[in-house]
Amino acid sequence: MQQNVSTVNKNNPEISAYDMANAIRALAMDAVEKANSGHPGMPMGMADAATVLFAEHLNFDPKHPNWPNRDRFILSAGHGSMLQYALLYLTGYEDMTLDELKNFRQIGAKTAGHPEFGHATGIETTTGPLGQGIANAVGMALAERMMNARFGDTMVSHYTYAIAGDGCLMEGISQEAISLAGHWKLGHLVVLWDDNKITIDGPTSLATSEDNVKRFEASGWHVQSIDGHDHAAVSAAIAKAKADSRPSMIACRTTIAYGAPTKAGTSSSHGSPLGKSEIAGTREKLGWGYGEFEIPDGILSAWRDVGKRGAKPYAEWSKSFNAADSAKRTEFERLMRRELPETLNSAVDAFKKKIAESKPSEATRKSSQDVLEVLTPLAPEMIGGSADLTGSNNTKAKPMQPVTAANYAGSYIYYGVREHAMGAIMNGMSLYGGFIPYGGTFLVFTDYCRPAIRLSALMQQRVIYVMTHDSIGLGEDGPTHQPVEHLASLRAIPNLYVFRPADATETAECWALALAQENAPSILSLSRQNLPTVRTSYTADNLCARGGYVLSDCKGEPKVTLIATGSEISIAIEAQAALAAKNIPARVVSLPCWELFDAQPQNYRAQVLGKGLRVAIEAAASFGWERYLGENGIFIGMPGFGASAPAKALYEHFGITAKHVTEAVTKKLGL
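Below or above, wherever it landed, is the structure these notes cover.

Basis of the calculations
Residues numbered from 1 in each chain as written. Predicted model: local features only at pLDDT ≥ 70, side-chain atom pairs only at ≥ 80, totals over all residues. Heavy atoms only, no water. Helix = DSSP H or I, 4+ residues; strand = E, 2+ residues; numbered from the N terminus. Contact = heavy atoms within 4.5 Å. Polar contact = N/O pair within 3.5 Å; in protein donor to acceptor, adjacent residues only side chain to side chain. Pairing = 2+ DSSP bridges. Axes fitted to C-alpha atoms, helices over the stretch in contact; angles between N-to-C directions. Buried < 20%, exposed > 50% of the residue type's maximum accessible area, 1.4 Å probe, protein only. Disulfide = S-S within 2.5 Å.

**A short note on the environment of Asn 394**
Structurally, Asn 394 is set in the loop between helix H16 (390–393) and strand E9 (412–414). Not counting residues up to four positions away in its chain, the partners in contact with Asn 394 are Arg 365, Lys 366, Gln 369, Leu 372 and Leu 389. Side-chain polar atoms of Asn 394 contact the side chain of Gln 369, separated by 2.9 Å.

Rendered as structure tokens:
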């Protein structure tokens, strides 16, 4: 089964690239077999292409795995994780040991079922949900071009490579992402498609008959089709891809589980261990006469030489970087350390003072834009965008210029109607480093980008989702556009901060908090309708930082605590006055961020919520509010989907009014 091999191993010419690829195959099938779980077929099928990519083209240095100018490698087909783990071990990443491979898919191991960012060096992103990786790669490739526009070739000029499978290209997010990559002419992006024509159910012909080559060509990509087991053809194709000014897709026709005597080319090798007899037959067919997890010294040495190849380009880059302008170096290092400019806090403070004086009545989406007008000139790392709702989301500050194929120096991205790709591309940009991406759409359309939001949280990325039109307050567009269950479902995602500010002051504070979350994404849930200023006096402290606080207290011990968020805070304040007229003392608590409030000491939370009757007011589903209300509390909100009508009529129709709150409280208290 000797293929047409290239001379990838010049230091050890007696070791062929075929031998090196077989080392990947052996480790993949052995690890999956030992775990009795995993996907051996994809790593075995793409071992040849991956060998050529790493040995001849990929610039990386295992001794400096976070070198900013390294090429990025993304395994979008994350189910084939043993391909990446084998490559990391073979090329000499110190934390990817042979024992880690033997512990594949076991608790505490770096070798999770799918590659997870942060578990091991060399893993650029978490993949597994198909299509996310290719969209992350587009984000990284865009970030590379944008950093290049800011700092020049000396500091930033490299490639982003991704291996994608049939499943990645079936997922709708892939079309969104490849369309944008072609539109942006991301010439430093190369995708190798593992064209093995197999999915879990069987041959891809069961579910698709499209021509992916023509699909990529139609999206403005440079496309080649090759034999993915022909090393020389793979190398030549990658070289041609790098020379083209367009993003490139290389269709690598491969055989899944290459070398397996009975399971090669079948779906049975996709997501199950091969079995001991099949593995024995594979060893014989490949001419691999070594034991389980055994890599002979010569082949391992050849792979380690591949890992050492990056030392020279790293040293050259370091020399030129250190000779660059000191101010530019300082700014570059700040961005890559993900440190915020020192001037941001004082700018937010000045904005709060201005709001305390002017007391505007405006939608929090407008307040958010006002905050962005202040912050974005001070923080060039903030890259805005919207999924075709810029004027509605208010995500573009006036000085921001669009990012285009002709202007990567811009700072605002028009994503078009592509919410899912927007989220995944922002993840890629954040993972790349140097940028804090934020993007907008309507809150209801978090449904269209939820997988990317979840991965932002899982990967602990500072990505900010600006979600406007956050309740029935959007009015006439009706229940298709009115979010009801969305706040509850987003609050259920671990490590995601959901902010729902009540006015311009809270909006500024929530923006400051979202930017300060170095290891978590945030949702800014913002109103379409105008809201009054409820924080009428200036306070230096960021009151939203504790997640919840007493906004308006009463004289003496409160009998009632009115807890609200966002647009319903003003309703709570009106109800407080109505209750006071009935000699029922009530306090108003603003709860803009449950996640921050839940992290406070228990005594603080108890003090804020009080001992009396608790009433929650939120124009959304009740799910989750029971944690604050207890058994006897009252929830004023949405019982189901909304309706099409003006906002004021909808609030009255669904009983989310101060009058209804007052009536519910007096009835509960028996007054």
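**Quick word on the sheet that holds strand E7 (residues 248–253)**
Spatially, E1-E2-E3-E7-E6 is the arrangement adopted by the 5 strands of the open sheet, whose pairing is parallel. The sheet terminates laterally at strand E1 (72–75) and strand E6 (222–227), the two strands that pair on one side only. Across the sheet, the axes of successive neighbouring strands diverge by a mean angle of 20°, strand direction being ignored. Across 6 bridges, the pairing between strand E3 (residues 189–195) and E7 is parallel. For Trp 193, the partnering residue across the bridge sits in E7 and is Ala 251.

**Considering the pairing of strand E17 (residues 613–617)**
Within E17, 4 of the 5 residues are buried, which leaves it mostly tucked inside the rest of the structure. Across 5 bridges, the pairing between strand E15 (residues 560–564) and E17 is parallel. The partner of Ile 563 across the bridge, within E17, is Ala 616.

**Section: the state of the cysteines**
Applying the stated criterion to the full structure yields 0 disulfides. Free cysteine: Cys 510, not disulfide-bonded; nearest cysteine sulfur from Cys 544 at 4.1 Å. Overall, the relative accessible area of 0% leaves Cys 510 in the buried class. Lacking any disulfide linkage, Cys 593 is separated from the closest cysteine sulfur, that of Cys 510, by 7.2 Å.

In short, the description is geometric, and any link to function would need to be established separately.
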